[in-house]
Amino acid sequence: MKICITAQGDQLTAEMDPRFGRCQYFLIVDTKSGDCEAVANPYLEGTGGVGVQAGQLMAEKKVEVVLTGQIGPNAFGTLQAGGIQVITGLTGKVSEALEKFKRGGLKPDQGPSASSKSGMRGF
Amino acid sequence: MIVTIASGKGGTGKTTIAANLALLISNAQLLDCDVEEPNAHFFLKPEIKTSRKVFVRVPVIDESKCTFCGRCQKLCAFHALAVLPSKVLLFPELCHSCGVCSHFCPEHAISEEDREIGFVEIGSRGQLQFIRGLLNVGESMAPPLIREVKSYLNPTRTNIIDAPPGTACSMVESVRGSDYCLLVTEPTPFGLNDLKLATKVITEMKIPAGVVINRCDLGTEDVRKFCEQESIPVLMEIPFRREIAAAYAQGDLLLEKMPEYRPSFKKLWERIENFAAEGAA
């Protein structure tokens, strides 16, 4: 199963990035093989519609679950249509989030957790 | 003639200037292009005669014909479409109605339909013609509605446009095609910062501009210094007075409540006419 974690760096030791569409890196981990692919977010500087594009990228990469801090309505809609589960509210290191997910018990979101454009604000 | 009243910063007094100028000059019409929160009608209290809904075109995807090839999504410059393995999603608020998706769909699976974004109202107050647009709540596509308001520009009248604040698409759309742009500001750091941004936009658009400094006895000299440096004429200064604020809060027109400001508004209009004529020459 492929899981994507939004990160501030390209390693599993990196801190998570709280934003989905405007995160620094998408770390895509194959839970079976343990392989990790780091994709530098190509939409980081986009003016609009980045959530849609990032959601599309997840579908193309055959990701099944996204772990992130917050997610906007367009990204959530795209992921949902692609049958991809979203779990928000995670913080700390990527590896910690991954362990938490593997232990189970994390509940997938039923709707977006942030408003449009909120990823554009500094934090 | 078209004169637009704009500003980088909000709340500097655009509507006060626009509404009072419209009242002062003969054969005028006021177009309130601040379609997200129009307020000129609070002061002018026009009698509205007609109201018309405004629509934009958005794509409709026939999924029985769609092969999910992704061509529409790749061509959409605004990322309003997401093509997933067995579903196409449209994000109507991102769509700019360019028509590229329907034109280039290899399966002819995309048609277009109307989406309502707001309405335009037309009315009058005595001799003064009044037009305003109101964008539906939650809607982000202001420019198409502004274009609709501006379709009522009348070359036989003096057109005063009340622009939305800021320097984004909706401001550019409002100012476009003006003979003159009046930038209303205040002598505060916010006022100066946003005046600088607005000046850049107006210079880029090659529209002659002048400045009105509202609440001129507050703050610092920095706005005046900036105008001098950039050779932008300061056409009028309005003092910070409790009575002006009170009249505004009551929805009263400054010139009706305090006719002593009439001469300075008259002078402002003469200067605008002169500069606009210079700009056209």
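Above this note sits the structure.
Residues numbered from 1 in each chain as written. Chains lettered and ligands numbered in written order. Predicted model: local features only at pLDDT ≥ 70, side-chain atom pairs only at ≥ 80, totals over all residues. Heavy atoms only, no water.

### Topic: the overall build of chain A
Note the threshold: Elements are defined by DSSP. Helices are runs of H or I of four residues or more, strands are runs of E of two residues or more, and each kind is numbered from the N terminus. The globule rule is 2.2 Å times the number of residues to the power 0.38, and the radius of gyration it is compared with is taken over C-alpha atoms. Burial classes follow relative accessibility: with a 1.4 Å probe on protein chains only, a residue under 20% of its type's maximum area counts as buried, one over 50% as exposed, and anything between as partly exposed. What makes two residues a contact is simply this: any of their non-hydrogen atoms within 4.5 Å.
Along chain A, the regular secondary structure elements total three helices and five strands. Moving toward the C terminus, one meets the helices and strands of chain A in the order β-β-β-α-β-α-β-α. Against the compact-globule benchmark of 14 Å for 123 residues, chain A has a radius of gyration of 13 Å, which places it among compact chains. Projected onto its principal axes, the C-alpha positions of chain A cover 35 × 25 × 25 Å. By the burial criterion, 49% of the 123 residues in chain A qualify as buried. For chain A, the proportion of contacts with a sequence separation of at least 24, taken over those separated by at least 6, is 52%.

### Regarding the nonpolar core
For the record, the criterion: Buried Ala, Val, Leu, Ile, Met, Phe, Trp, Tyr and Cys residues that are joined via side-chain atoms within 4.5 Å together make up what is termed a nonpolar core.
Counting 46 residues, the largest nonpolar core has F20, F26, M58, V66 and L79 of chain A as its most contacted members. At the level of secondary structure, the elements contributing two or more residues to this core comprise β2 (25–30), α1 (50–60) and α2 (73–81) of chain A together with β3 (47–61), β4 (81–84), β6 (110–125), β7 (128–135) and α5 (142–150) of chain B. Looking at this core, the element that brings in the most residues is α1 of chain A, giving six residues. Non-local contacts of F26 of chain A, meaning those with residues more than four positions away in its chain, are made with C4, I5, T6, F20, E37, A38, V39, N41, A54, L57 and M58 of chain A. Core analysis: the next-biggest nonpolar cluster, separate from the first, contains 36 residues, V3, I25, F130 and I244 of chain B among them.

### Observations concerning the layout of surface pockets
What counts is decided by this rule: Using only the protein atoms, space was sampled on a 1 Å grid; points where a 1.4 Å probe fits but cannot get out form cavities, open sets with protein on both sides within 12 Å along at least five of seven lines form pockets, and lining residues are those with an atom within 4 Å of a point. Grid points are joined across faces, edges and corners, and a volume is the space filled by probe spheres set on the points. Side-chain classes follow a simple rule in which Ala, Val, Leu, Ile, Met, Phe, Trp, Tyr, Cys and Pro form the nonpolar group, Asp, Glu, Lys and Arg form the charged group, and the remainder, Gly included, forms the polar group.
Taken as a whole, the largest pocket spans an internal volume of roughly 1200 Å³. Around the largest pocket, the lining comprises 50 residues; the ones closest to its centre are T47, G48, G49 and K117 of chain A together with L94 of chain B. Among the elements of the structure, α1 and α2 of chain A together with α5 and α6 (169–175) of chain B are those that each provide at least two residues to the lining of the largest pocket. With four residues, the top contributor of residues to the lining of the largest pocket is α5 of chain B. Taken together, the residues of the lining of the largest pocket break down into 23 nonpolar, 18 polar and nine charged. Looking at the second largest pocket, its volume works out to about 390 Å³. Its residues assigned to classes, the lining of the second largest pocket shows seven nonpolar, eight polar and five charged.

### Observations concerning the pattern of salt bridges
Residue and element names in this part refer to chain B. This is how it is decided: By salt bridge we mean one thing: a side-chain nitrogen of Lys or Arg within 4 Å of a carboxyl oxygen of Asp or Glu.
Applying the stated criterion to the full structure yields 19 salt bridges over all chains. With a shortest N-O distance of 3.0 Å, D114 and R57 are connected by a salt bridge. One end of the pair, D114, is in strand β6; the other, R57, is in strand β3, with 57 residues separating them in the sequence. Take D114: its relative accessible area is 46%, and that puts it in the partly exposed class. Beyond isolated ion pairs, a larger network of salt bridges with shared partners links K9, E186 and R215.

Remember that the coordinates give geometry; whether it matters functionally is a separate question.
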